[in-house]
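# Reading the structure
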Amino acid sequence: MNRRSLLILCLVVAVDTGSFGLLAPVLPFLVADLTGSLNAITVTQVSALYAGCQLIGAPLIGRLSDRWGRKPLMIGAVSIGSLALLGSGLSGTLGLLMLFQAIKGGTAAIFALAQAMVADRNEDSNARTVSFGALGAALGLGFVFGPALGGLIGSYSPRAAFFVAAALTLINLLLVLFVLPETLTPQAGLDQKPEPLRWWTGAHGKLRQMLAIYFLFYLGFSSFTGIFVVDVSRRFGWGPQASGLLLCFVGVIVVVVQGGILPKLLLKYRAKDLAEAGLLLVGIALLGVSAIKQGSYLYLTQLVFATGVGLSTPGLRTLLSTAVNERQQGILGGLTQSCVSLTSLLGPLAAGQIYTYSGFRLTFQLQAAVVFLAAALLIMSRFRSQSTNTPSA
């Protein structure tokens with residue numbers, strides 16, 4: 001993928017993530033306005049509904065993009081998502097908010113399509129990792145300006161944040177319509193019947209293994225992010241602005257790691273090595289969150305957390321993309337996004353229950369254990385690969 005196309009794609013991802021991140025410090029307070037209380041279970045149920053609909057929508061959109069192209073599907077997803085954000089901001093009941101969040105979740109496939117577009121135009125493994133790192137940096141950039149802007153707007157009106165997010169998606173619609181090029185050409189399979197991805201069969205052992213690791217990592221990640229704003233509000237009295245600034249800080253670190261440090265590290269280390277180190281750092285950070293007694297220490301734990309996320313996610317995505325062929329990248333993007341959505345459904349629901357009935361320490365310690373399990377499986381796969389490649393006597 002040439003630099004211009006990658007830059008445009010990263011801009012689309014950054015704007016999309018910014019519109020999503022803008023709502024992260026605000027959504028719990030809109031739910032509180034509609035229900036009369038900041039209840040962890042209710043907040044996580046709204047987040048889980050969004051994720052559940054994304055679980056269904058992302059694979060379908062990814063599969064359709066293998067047949068009809070990435071760009072038409074992206075245009076439709078952005079258009080419907082913008083209307084859903086407007087509806088969310090205008091919602092007068094919790095039921096209406098959940099309906100529009102379900103619609104938004106069902107069309108939230110921009111990053112899945114972006115991953116497929118990178119895979120369409122990058123055959124070299126290291127080039128893919130660098131491009132995935134650029135997408136990750138764009139993702140982090142969205143979480144720089146999104147939560148900061150959301151926290152600022154949310155301190156005045158949680159609803160206004162949804163209208164600003166809708167305006168950002170309209171910017172994305174213009175970028176996709178008039179600037180972003182299509183990457184799936186007739187030579188690459190456009191208008192041909194997509195090749196099915198039967199990941200559960202014996203021929204896809206490596207893919208299943210990587211999906212399991214990816215699932216466990218995002219289960220810990222999603223359960224943490226799903227309860228984080230509620231936790232810092234209860235433990236440290238933080239409102240939307242303070243939470244938004246911390247999320248902004250996390251985004252800055254991810255941008256620096258993936259945009260500046262990662263390409264240099266790839267000259268010396270494999271993507272898999274960096275993914276292993278990153279997973280371990282995320283687990284350590286979650287343990288740190290369970291132990292701290294002052295909110296200011298969150299900037300230290302989240303520095304470690306963001307560094308770990310920045311190192312691990314590009315490598316994991318590269319390992320996944322090399323486990324399938326070029327005609328299956330769209331459905332793989334949808335499958336991985338669906339995997340993230342499933343964890344975003346299960347993680348916040350579980351975190352809300354554990355947090356409510358067992359407290360914050362056990363909640364974050366269990367999240368750390370799940371991420372450490374993902375790291376252990378990835379490290380163990382290294383030794384299994386070595387034993388497979390060792391010739392018998």
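In what follows, the accompanying structure is described. Residue positions are counted from 1 within each chain, in the order its sequence is given. With pLDDT at 70 or above as the cut-off, local features in this predicted model cover only qualifying residues; side-chain atom pairs require 80 or more to be listed or tallied, and sums for whole chains, interfaces and linings still use all residues. Think of the side-chain values as coming from all heavy atoms in the structure, minus any hydrogens and water.

## A look at the overall build of the protein
- Along the protein, the regular secondary structure elements total 14 helices and zero strands.
- Mapped in sequence order, the helices and strands of the protein form the string α-α-α-α-α-α-α-α-α-α-α-α-α-α.
- Relative accessibility under 20% of the residue-type maximum defines a buried residue, over 50% an exposed one, and the middle range a partly exposed one, all with a 1.4 Å probe and only protein chains included. Here the protein holds 393 residues, and the buried ones make up 55% of them.
- Restricting the contact set of the protein to residue pairs at least 6 apart, pairs at least 24 apart contribute 86%.
- Here the accessible surface of atoms and residues is derived via Shrake-Rupley with a 1.4 Å probe, and residues count as covered only by protein chains that are part of the display. Entry remark: accessible area of the protein is about 15700 Å², with carbon and sulfur atoms responsible for 68%. Here a helix means four or more residues in a row that DSSP labels H or I, a strand means two or more in a row labelled E, and each is numbered from the N terminus. Every residue pair with non-hydrogen atoms within 4.5 Å of one another is taken to be in contact.

## Some words on the environment of Pro348
- With respect to the helices and strands, Pro348 occurs in helix α13 (residues 329-358).
- The class for Pro348 is buried, based on a relative accessible area of 3%.
- C-alpha of Pro348 to C-alpha of Ala48: the two residues are 300 residues apart in sequence and 6.4 Å apart in space.
- Sequence-distant contacts of Pro348, that is, excluding residues within four places in its chain, are made with Thr44, Ser222, Ser223, Gly226 and Thr343.

## Describing the side chain of Gln115
- Counting through the fold element by element, Gln115 comes out in helix α6 (residues 110-121).
- Setting aside anything within four residues of it in sequence, one finds Gln115 in contact with Phe132, Leu135, Tyr214, Arg317 and Thr336.

## Digging into the environment of Leu319
- Tracing the chain through its elements places Leu319 in helix α12 (residues 298-321).
- Leu319 sits in the buried class, given a relative accessible area of 16%.
- In the structure, Leu319 is positioned 48 residues away from Ala271 in sequence and 8.1 Å away in space, judged by C-alpha atoms.
- Sequence-distant contacts of Leu319, that is, excluding residues within four places in its chain, are made with Lys206, Met210, Lys272 and Leu378.

## Regarding helix α8 (residues 158-178)
- In a helix, the anticipated span is given by 1.5 Å times the number of residues less one. Its 21 residues place the ends of α8 32 Å apart at the C-alpha level, agreeing with the 30 Å of an ideal helix rising 1.5 Å per residue.
- Where α8 is concerned, the buried positions are Pro158, Ala161, Phe162, Ala165, Ala166, Leu168, Thr169, Asn172, Leu173, Leu175 and Val176. Take α8 and look down its axis: the buried residues cluster within an arc of 165°, on one side only. What the arc describes is the spread of directions from the helix axis to the C-beta atoms.

## Observations concerning the packing of aromatic side chains
- Pairing of aromatic side chains requires ring centres within 6.5 Å, counting the rings of Phe and Tyr and the six-membered ring of Trp. Pairs whose planes differ by under 30 degrees are stacked, by over 60 edge-to-face, and all others tilted. If you walk through the whole model with that rule in mind, you get 11 aromatic pairs.
- A ring pair is formed by Tyr218 and Phe221, whose centres lie 5.6 Å apart and whose planes are at 70°; its orientation type is edge-to-face. Here Tyr218 pairs with Phe221, and both are found in helix α9 (residues 205-236), just three residues apart, close to one helical turn.
- Of the residues examined, Phe221 reaches a relative accessible area of 22% and is grouped as partly exposed.
- A ring pair is formed by Phe224 and Phe305, whose centres lie 5.1 Å apart and whose planes are at 50°; its orientation type is tilted. Taken as a pair, Phe224 in helix α9 and Phe305 in helix α12 lie far apart in primary sequence, 81 residues in all.
- Classification of Phe305 as buried rests on a relative accessible area of 4%.
- Through pairs of rings, three or more aromatic residues link up here, namely Tyr214, Phe217, Tyr218, Phe221, Phe224, Phe228, Phe305 and Phe364.
- The cationic tip of Arg235 hangs over the ring face of Phe360; the distance from NZ or CZ to the ring centre is 3.9 Å. Counted as over-ring charges are cases with an Arg CZ or a Lys NZ within 6 Å of the ring centre that also lie within 35 degrees of the ring normal.

## A closer look at a nonpolar patch on the surface
- Judged by side-chain polarity, Ile80, Leu96, Leu99 and Ile103 come together as a nonpolar surface patch covering roughly 310 Å² of accessible area.
- Here the nonpolar patch gets three residues from one element, more than from any other, and that element is helix α5 (residues 94-106).
- One can find Ile80 in helix α4 (residues 70-90). Only residues whose relative accessible area exceeds 30% and that form no salt bridge are eligible for patches; like-charged ones are grouped when within 9 Å, while nonpolar side chains (Val, Leu, Ile, Met, Phe, Trp, Tyr) are grouped when within 5 Å. The salt bridge definition used is simple: a Lys or Arg side-chain nitrogen within 4 Å of an Asp or Glu carboxyl oxygen.

## Here's the deal with the pattern of salt bridges
- One pass over the structure, following the stated rule, counts three salt bridges.
- Between Asp120 and Arg70 there is a salt bridge, with the nearest N and O atoms lying 2.9 Å from each other. Of the two residues, Asp120 sits in helix α6 while Arg70 sits in helix α4, which places them 50 residues apart along the sequence. Summarising the burial analysis for this pair, Asp120 and Arg70 share the class buried.

## Thoughts on α6
- Helix length check: α6, at 12 residues, gives a terminal C-alpha distance of 17 Å against a target of 16 Å (1.5 Å per residue), a fit within 8%.
- The element α6 is largely enclosed, with a buried count of 11 among its 12 residues.
- When we look at burial in α6, the residues that qualify are Ile110, Phe111, Ala112, Leu113, Ala114, Gln115, Ala116, Met117, Val118, Ala119 and Asp120.

## Some words on the packing of helix α11 (residues 271-291) against α12
- Note on definitions: angles span 0 to 180 degrees between N-to-C directions of axes, and those axes are lines fitted to C-alpha atoms, for helices only across the stretch in contact. Relative to each other, α11 and α12 sit at 150°, their axes nearing to 7 Å. Classified by the angle between their axes, α11 and α12 sit roughly antiparallel to one another. At the point where α11 passes α12, the crossing takes the left-handed sense.
- Taken together, the residues that form the contact of α11 with α12 break down as 16 nonpolar, eight polar and one charged. Here roughly perpendicular refers to angles of 65 to 115 degrees, roughly parallel to angles under 35, roughly antiparallel to angles over 145, and oblique to all remaining angles. Crossing handedness: left-handed means the near helix sits turned counterclockwise from the far one by under a right angle, and right-handed means the same turn made clockwise. Each residue gets one label: Ala, Val, Leu, Ile, Met, Phe, Trp, Tyr, Cys and Pro are nonpolar, Asp, Glu, Lys and Arg are charged, and the others, such as Gly, are polar.

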